[in-house]
Amino acid sequence: MATTPESKVKAKVHAKLKKANAYAVNYIGGQFANNGTPDILACYRSRFVGIECKAGKNKPTQLQLRNLEKIEVAGGLALVINESNLDLLDNLDTVQSNWREFGRPLADADTPDDF
């Protein structure tokens, strides 16, 4: 199986979460999946964490940002992680959601009907 730049970021994220004793799984979409769900779903000290992984200068889609916003509104931690900010995962006790740094979510009127 080919190793992509994003899969390398995901592997590093998983290593940091494991070191922090967090529970984490890769979310793999499919026919019945919710589009825009973060790549990694985790639980750290009773807090839900959604992590969208990106490589290089790639940015999350508007749908991905909307899902991260929903996670934050529900009380979870919503992160976009790439090679330049992996260190955020070293401070899960104090880190704040950072999805806003990557753009704005869709307005409700622009949200797809199946969302």
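In what follows, the accompanying structure is described. (Residues numbered from 1 in each chain as written. Predicted model: local features only at pLDDT ≥ 70, side-chain atom pairs only at ≥ 80, totals over all residues. Heavy atoms only, no water.)

1. Some thoughts on the pattern of salt bridges
Inspection of the entire model under this criterion finds seven salt bridges. Of the charged contacts in the structure, one is a salt bridge between Asp90 and Lys16, with a shortest N-O distance of 2.8 Å. With Asp90 in the segment after strand 4 (77–81) and Lys16 in helix 1 (residues 5–19), this residue pair connects regions lying 74 residues apart in the sequence. Put simply, Glu72 and Arg100 hold a salt bridge, and the shortest N to O gap is 2.7 Å. Of this pair, Glu72 sits in helix 2 (residues 62–73) while Arg100 sits in the segment after strand 4, and the two are 28 residues apart along the sequence. Taking relative accessible area as the criterion, Glu72 reaches 22% and is therefore assigned partly exposed. On the basis of relative accessibility, which here comes to 52%, the residue Arg100 falls in the exposed class. A single salt-bridge network, built from bridges that share partners, covers Glu6, Lys10 and Asp39. (Salt bridge = Lys/Arg side-chain N within 4 Å of Asp/Glu carboxyl O. Helix = DSSP H or I, 4+ residues; strand = E, 2+ residues; numbered from the N terminus. Buried < 20%, exposed > 50% of the residue type's maximum accessible area, 1.4 Å probe, protein only.)

2. Here we look at the environment of Asn21
Within the secondary structure layout, Asn21 lies in the loop between helix 1 and strand 1 (23–26). Its relative accessible area of 70% is what places Asn21 among the exposed residues. Considered as a pair, Asn21 and Cys43 are 22 residues apart in the sequence and their alpha carbons are 9.3 Å apart.

3. With respect to unusual backbone geometry
In terms of backbone geometry, most residues other than glycine have negative phi values and most peptide bonds are trans. The phi torsion at Asn21 lies on the positive side, around 65°, for a residue other than glycine. For Ser46, which is not a glycine, the phi torsion comes out positive at approximately 70°. Topologically, Ser46 is positioned in the loop between strand 2 (40–44) and strand 3 (47–53).

4. With respect to the environment of Thr4
In this structure, Thr4 sits in the segment before helix 1. The sequence separation of Thr4 and Ala55 amounts to 51 residues, and the corresponding C-alpha distance is 8.8 Å.

5. Examining helix 2
Helix length check: helix 2 (twelve residues) gives 16 Å between terminal C-alpha atoms against 16 Å at 1.5 Å per residue, within 8%. Every buried residue of helix 2 is listed here: Gln64, Leu65, Arg66, Asn67, Leu68, Glu69 and Ile71. Buried residues along helix 2 sit against strand 3 and strand 4. Remark: Gly75 follows helix 2 within two positions and exhibits a positive phi of approximately 100°. (Expected span 1.5 Å × (residues − 1). Contact = heavy atoms within 4.5 Å.)

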